[in-house]
Amino acid sequence: MTPSGVLFDIDGVLVLSWRAIPGAAETVQQLADRRIACAYLTNTTTRTRRQIADALGAAGITVAADDVITAGALTAEYLRGSYPGGRCFLVNSGDISEDMPGIDLALSTDFGPDDRPDTPDVVVLGGAGPEFDHRTLSRVYEWMVDGVPVVAMHRSTTWATDNGIRIDTGMYLIGLEDASGRTAIAVGKPSAAGFLAAAGSIGVDPQRMVMIGDDLHNDVLAAQAVGMTGVLVRTGKFRQDTLDHWLTGADATRPDHVIDTVAELPQLLGL
């Protein structure tokens, strides 16, 4: 099985807390040597595409910024098409404005505890962090109740660090949507748009691509839904009990392949 393109999740597959997972750099280099096109699709919203490429480079993994597709960049494209000229109230951990050109952004961190920002045209939720505090989320809830649309960069509920699992935006969305009775639009994984954009960016048919990720639902099964071959790794946020539970379902869609780490990918692909 030699694909025309490989799509990597980043966090938990290539790096953990921006330190390379053993064998990751060698795998990426081996694919480059075989002239297999690669793209990198991530729900990371704390860094820009350029910063992510630089961080991977510092970890010994050579990646071009143009090959990195982030939930933030996908969200900017969605906002330009759906809310042209709209005023966006952004709640995000990290400054990614470089990847959101042409978007009128008001940052939640620009307002003090006694400030009350004007009602925006749309609320944008990025990655969770200290910015997701009680005051800010209460304000977002009020706007949701009043009918202000909410666009989430992704619905990931957790991410992995070398100090353990951390909760992410999806956890907050569950409560906000339940309490307000309204539903947010989510742009990043597991939305099909990101996978198709990644395939388009390297000019490869999704049917000829392999997606490798540590998240069964957001990465692997979502990629398989658009025709890619899915490979699940037992690193990052992978949990064996989650896989076991999913596999017990009679009608469950199964990952095409499961390997221990990204270091085993070249062997799986027959390189």
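Residue numbering note: each chain is counted from 1, following its sequence as written. The model is predicted, so local features are restricted to residues of pLDDT at least 70 and side-chain atom pairs to those at 80 or more, both for listing and for counting; the totals for chains, interfaces and linings are taken over all residues. Water and hydrogen atoms play no part in the side-chain values, which are based on all heavy atoms of the structure.

Engineer: Which residues make up the overall build of the protein chain, and what values do they have?
Structural biologist: Helices and strands together make up the secondary structure of the protein chain, namely 9 helices and 15 strands. The globule rule puts the C-alpha radius of gyration for 271 residues at 18 Å, and the 19 Å found for the protein chain is close to it. The principal-axis extent of the C-alpha atoms belonging to the protein chain is close to 60 × 40 × 35 Å. Pairs of residues are marked as contacts when any of their non-hydrogen atoms sit within 4.5 Å. The contacts of the protein chain with a sequence gap of at least 6 include a subset with a gap of at least 24, amounting to 71%. For the charge count, each Lys or Arg is scored as positive and each Asp or Glu as negative, with His and the chain ends excluded. All charge positions are set by atom: Lys at NZ, Arg at CZ, Asp at CG, Glu at CD. With 20 positive and 35 negative side-chain charges, the protein chain shows a spacing of 2 Å between the two charge centroids. Numbering of helices and strands starts at the N terminus; helices are DSSP runs of H or I of at least 4 residues and strands are runs of E of at least 2. We compute the radius of gyration over the C-alpha atoms and compare it with the globule rule, which gives 2.2 Å times the number of residues raised to the power 0.38.

Engineer: How would you sum up the domain arrangement of the protein chain? Please name residues and give values.
Structural biologist: How big an interface is tends to be reported as the loss of accessible area on association of its parts. Residue ranges assigned to each domain were obtained from an automatic or database domain assignment. Taken domain by domain, the protein chain consists of domain 1 (5-43 + 189-269) and domain 2 (84-186). Domain 1 puts 11 residues into the contact, and the matching count from domain 2 is 10 residues. Simply put, the buried area is the total loss of 1.4 Å probe accessible area from both parts when two parts are fitted together. Taken together, the two surfaces of domain 1 and domain 2 that pack against each other cover about 820 Å², and 43% of this comes from carbon and sulfur. It is Leu16, Asn43 and Lys237 that lose the most area in domain 1 upon contact with domain 2, and together they represent 45% of the buried surface on that side. A pairing counts as a salt bridge when a side-chain nitrogen of Lys or Arg comes within 4 Å of a carboxyl oxygen of Asp or Glu. Summed over the shared surface of domain 1 and domain 2, the number is 0 salt bridges. The class makeup of the residues in the side of domain 1 that touches domain 2 is 1 nonpolar, 5 polar and 5 charged. The classification used treats Ala, Val, Leu, Ile, Met, Phe, Trp, Tyr, Cys and Pro as nonpolar, Asp, Glu, Lys and Arg as charged, and all other residues, Gly among them, as polar.

Engineer: Could you give an account of the pairing of strand 1 (residues 5-8), naming the residues involved and the relevant values?
Structural biologist: Along strand 1, one buried face is formed by Gly5 and Leu7 and the opposite face, lined by Val6 and Phe8, is buried too. Bridge analysis of strand 1 against strand 4 (residues 37-42) gives 4 bridges, and the strand direction is parallel. Residue pairing for strand 4: Leu7 is matched across the bridge by Ala39. Any two strands with at least two DSSP bridges between them are considered paired. When strand 1 meets strand 13 (residues 209-213), the two strands line up parallel, connected through 4 bridges. If you follow Val6 over to strand 13, its bridge partner there is Val210. Buried, partly exposed and exposed residues are distinguished by accessible area as a fraction of the type maximum, computed with a 1.4 Å probe on protein chains only: under 20%, between the cut-offs, and over 50%, respectively.

Engineer: Explain a nonpolar patch on the surface residue by residue, including any values.
Structural biologist: The grouping of Ile167, Met171 and Ile174 at the surface amounts to a nonpolar patch, some 270 Å² of accessible area in total. The topology assignment puts Met171 in helix 5 (residues 169-180). Judged by its relative accessible area of 37%, Met171 is partly exposed. Nonpolar side chains (Val, Leu, Ile, Met, Phe, Trp, Tyr) within 5 Å and like charges within 9 Å form the patches, drawn only from residues with over 30% relative accessible area and no salt bridge. Per-residue and other accessible areas were derived by the Shrake-Rupley procedure at a 1.4 Å probe size, with only the shown protein chains allowed to occlude residues.

Engineer: Can you explain the side chain of Glu177? Please cite residues and give values.
Structural biologist: Structurally, Glu177 can be placed in helix 5. Engagement of the side chain of Glu177 in a polar contact is seen with the side chain of Arg155, the distance being 2.6 Å. Excluding its chain neighbours within four sequence positions, the residues that come into contact with Glu177 are Met144, Arg155, Arg182, Thr183 and Ala184. The term polar contact refers here to a pair of N or O atoms within 3.5 Å; inside protein, the definition further demands a hydrogen-donor-capable atom paired with an acceptor-capable atom, and it admits residues adjacent in sequence only when both atoms are side-chain atoms.

Engineer: Which residues make up the environment of Thr119, and what values do they have?
Structural biologist: If you trace the backbone, Thr119 turns up in the loop between strand 7 (104-107) and strand 8 (122-125). Thr119 sits in the exposed class, given a relative accessible area of 53%. Taking the C-alpha atoms as reference, Thr119 lies 9.9 Å from Val140; in sequence the two are 21 residues apart.

Engineer: Requested: an account of the packing of aromatic side chains, with residues and values cited.
Structural biologist: Any two rings among Phe, Tyr and Trp, with Trp reduced to its six-membered ring, count as a pair given centres within 6.5 Å; such a pair is stacked if its planes are under 30 degrees apart, edge-to-face if over 60, and tilted if neither. In this structure the tally under the stated criterion is 4 aromatic pairs. When the centroid spacing of 5.5 Å and the interplanar angle of 10° are considered together, the rings of Phe8 and Tyr40 count as stacked. Here the residue Phe8 occupies a position in strand 1, and Tyr40 occupies one in strand 4, the gap between them amounting to 32 residues. Taken as a pair, Phe8 and Tyr40 share a single burial class, namely buried. Between Phe89 and Trp143, the ring centres sit 4.9 Å apart and the planes meet at 75°, which makes this aromatic pair edge-to-face. Here Phe89, found in strand 6 (residues 87-91), pairs with Trp143, found in helix 4 (residues 134-145); they are 54 residues apart in sequence, far enough to count as distant. Of the residues examined, Phe89 reaches a relative accessible area of 0% and is grouped as buried. With a relative accessible area of 5%, Trp143 lands in the buried category. Following the ring pairs from residue to residue traces out a cluster consisting of Phe89, Phe111 and Trp143.

Engineer: Could you give me a rundown of the sheet that holds strand 1, with the residues and numbers involved?
Structural biologist: Spatially, 5-4-1-13-14-15 is the arrangement adopted by the 6 strands of the open sheet, whose pairing is parallel. Each having just a single partner strand, strand 5 (68-70) and strand 15 (257-259) make up the two edges of the open sheet. Between one strand axis and the next, the sheet turns through 25° on average, direction left out of account. Here helix 3 (residues 71-82) sits on the sheet and contacts strand 4 and strand 5; the angle it forms with strand 5, its principal contact strand, is near 65°. Convention adopted: a line fitted to C-alpha atoms gives each axis, helices being fitted over their contacting stretch, and angles between N-to-C directions are expressed from 0 to 180 degrees.

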